[in-house]
Amino acid sequence: MFLVLLKKELYNEFRSRELILSMLVFGLSIILAYAFTSDVSRVIVANYAPGMFWAMILFVTVLGIHRSFSYEKEMDAFSMLIAAPIDRGLIYLSKWISGFIFLTVMELIVTIPFFKFLLIDFPPNPLMALGTALFINLAIMAVASLVSGVAMRARLSEVLLPVLMFPLVSPVIIAATKISGGIMAGDHYQLWQIWLLIIGSIIVIFGLVGYTLFDFITEE
Amino acid sequence: MLSVSHLSKSFNRRPVLADITFEIATGETVVFMGKNGAGKSTLLRILARIMACDKGEVSFQNHDLLKGAPTTRKDLLYLGHASGMYSALSAVDNLSLALRLRGMRTSKEMIIEALTHYGLFDQKDDPIAVYSQGMLQRLKLTYAELAEWTLLLMDEPFSGLDDDGAKLMHDAILQWKSEAQSLCLVLHDEAKGKLYGDRILRIENGGIQESLCF
Amino acid sequence: MTPFFQNKTNRIWCLAAIGLLIFNVWNIVSNTPMVPDQHWAQKIFYVHVPSAWVGFLSYLVVMIAGIMFFIKGDDKWDDLGLAAAEIGTLFMALVLITGPIWATPIWGKPWIWEPRLTTTLILFLIYIGYFMMRSFGGHIERIRRYAAAVGIIAFVDVPIIFVSVQFWAPEIQSHPQVEMAQQPSGILIPFLLSLGIFTILYILMMRYRIHVIRIKNMGVENV
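As the structure is a prediction and not an experimental result, all values here were calculated from the model. (Residues numbered from 1 in each chain as written. Chains lettered and ligands numbered in written order. Predicted model: local features only at pLDDT ≥ 70, side-chain atom pairs only at ≥ 80, totals over all residues.)

It is not clear to me how the interface of chain B and chain A should be interpreted in this structure. Could you clarify?
By a widely used convention, the size of an interface equals the accessible area lost when the partners come together. In this assembly, 27 residues from chain B lie in contact with 19 residues from chain A. Looking at the side of chain B that touches chain A, the element that brings in the most residues is helix α2 (residues 91–101) of chain B, giving four residues. Across the side of chain B that touches chain A, the residue classes break down as 15 nonpolar, six polar and six charged. (Contact = placed C-beta atoms within 7 Å. Helix = DSSP H or I, 4+ residues; strand = E, 2+ residues; numbered from the N terminus. Nonpolar A, V, L, I, M, F, W, Y, C, P; charged D, E, K, R; others polar.)

Okay, structure coming up:
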């Protein structure tokens, strides 16, 4: 059933092309804002590049996950999902993994303008950067999907979502910045591997809590 | 088959349903009627497990519907006001998904055949965002036709339908009644209520008043 | 419903709490040793740390209330959770106020990204979100469920937040505060006393707040 739900998410995006495109455009406008606010000074940007990247991803995630849950509310499609004889925790899992896939696709595309427009050098070990980025995306989406599930029926959900999500996701952002900073500086992975543990625990804990709690928060 | 006891639901402490108790037997058609805002749609949504109730127990096919596993709602189908489907996907895709989530593997041919019967062949591949209200009602009818269920909950089945559509709905309801399927309809038209219902349950001030149809 | 202070237990709690608080202030001012380098500023420690302790305890209560709400389905658990969330946030605000008061004479600047203060700030922000969610969540019956969920999520995140913030800037030293076990008894005993008194105050505040919440619920229901 999880695969049915996941395929639905991916197919919906394939048909509507809303999420990745809007996340991408938003990401590019943030990069533009970065360029203007830092005067594209090599010194400023090189020091802050990892943080700037993950802050951008955070904002883009809010947009993406909010849209992902919003289209469930159009035409009351969500009621079809929750009335179906399926485990509702699977809905959380499908939102999580599909969100992770969309975020990763968007990130892969936006990395090039990020590095090129802001005149930052590519990391010395791109494979390691990619691998850790995947791990981090998974953690961000685990938190985002759960919080969005809670916020989806609330008034002003587009405000409530970031207000609830940002403090909860702060360990991931701290860890992501440290890991990316380490990779960009070419540090040996032992210097930053502790942060992978923190991200791993977020994935496990939020995954479990989300799967368990989703049944309680989906009903009107 | 369905037994509701002491069901209560409030919105901001204002009771909409207060201590509702009723039963639906196998093969029976029950019609819910009442003023706007009486709680008919709310009741159906609670039975469909879309809305949470404050208190009460519901037993469906001798299983606890409210606290039981997801499989307890396998034979219960809910069709609400809105289409309950994804606006970006086509009718075929939506039906395929909805049926698959109910554990049914239905072939595309069967789905298209059903859509054709209900007059939606030409628009079967269009995203349902472009459908009119009447077309969405026909889509819901197609869904009810294809899905396996023993109790169907339908909220205002005739709303938005033209004469042809209304005839199709009428025929479908009579067909289901003749097959001894259980139906739970929310209707506004008294005449239709008496025509289709074995019993009419009027929801008023949070309570239920029953009248039989002969 | 009987007024709060007509209940004998509540009167005892109230008098005990007030009396002990006055004693606590006197105790801190006169009986505690003066720490070299910090002088009077260090005395805030006897308020700052117990506030943090009560705040975290309260947030733990919110999580337990949330879990029990989902298990039992009884609204009374949400009343407990709301009271604990409010009082916990109040004490966390106290921590965030006394922290800079302590820090300014010691560090020369009011705020420093010290791990415990940062964790407190993050938790405080999470609970601002909790109260926002209670305002915007819709009808009260649905709000109770969401609040229980957020209460659980928030506290489950706390250990991870604390560990990550600890490793984030290790060069920033913690508040000048020797490990509890190594404190001389002249400091440890008044501290433990203050901790106990703050806990008694917390229990009183919780009892009162739950009482007020219940009255409000009854009043709204009878309209």
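Still more ground to cover, so stick around.
What exactly am I supposed to notice about the nonpolar core here?
Soluble globular proteins tend to pack their nonpolar side chains together in the buried interior. Grouped together as the largest cluster of nonpolar side chains are 186 residues, with contacts concentrated most on V143(A) and L153(B). When neighbours within four sequence positions are excluded, V143(A) is seen to be in contact with M165(A), L168(A), V169(A), V172(A), I202(A) and F206(A). (Core = buried A, V, L, I, M, F, W, Y, C linked by C-beta atoms within 7 Å. Buried ≥ 20, exposed ≤ 12 C-beta atoms within 10 Å, placed from the backbone.)

What's the story with the interface of chain C and chain A in this structure? I'm lost.
Facing the 26 residues of chain C at the interface are 25 residues of chain A. Ranked by the residues each element gives to the side of chain C that touches chain A, the list is headed by helix α5 (residues 140–168) of chain C, at 15 residues.

It is not clear to me how the pairing of strand β3 (residues 29–33) of chain B should be interpreted in this structure. Could you clarify?
Residues and elements named next belong to chain B. Counting buried residues in β3 gives five out of five residues, a clear majority hidden from the surface. Burial of β3 is two-sided: the residues T29, V31 and M33 facing one way and the residues V30 and F32 facing the other way are all buried. Looking at chain direction, β3 and strand β8 (residues 182–186) are connected through four bridges and run parallel. Following the sheet pairing, V30 is matched in β8 by C184. Relative to strand β9 (residues 199–204), β3 is paired through four bridges, and the arrangement is parallel. (Pairing = 2+ DSSP bridges.)

Teacher, can you tell me more about helix α6 (residues 185–221) of chain C here?
Because each turn of an α-helix spans 3.6 residues, side chains separated by three or four positions in sequence point in the same direction. All names here are of chain C. With 37 residues, α6 ought to run about 54 Å at 1.5 Å a step, and its terminal C-alpha atoms sit 53 Å apart, in line with that. For α6, the complete set of buried residues consists of S194, I197, F198, L201, Y202 and M205. The inward-facing, buried residues of α6 contact α1 (8–31), α2 (45–72) and α3 (75–107). (Expected span 1.5 Å × (residues − 1).)

Explain the packing of helix α1 (residues 2–16) of chain A against helix α5 (residues 89–117) of chain A to me, please; I cannot follow it from the model alone.
Helix-helix packing is characterised by the crossing angle of the two axes and by the distance between the axes. All names here are of chain A. Running from amino to carboxyl end, α1 crosses α5 at an angle of 40 degrees, the nearest separation of the two axes being 9 Å. The angle between α1 and α5 falls in the class oblique. Handedness of the α1/α5 crossing: right-handed. Between α1, through F2, L5, L6, E9, L10 and E13, and α5, the contact on the second element is made entirely by L90, I91, L93, S94, I97, S98, I101 and F102. (Axes fitted to C-alpha atoms, helices over the stretch in contact; angles between N-to-C directions. Parallel < 35°, antiparallel > 145°, perpendicular 65-115°, else oblique. Left-handed = near helix turned anticlockwise from the far one by under 90°.)

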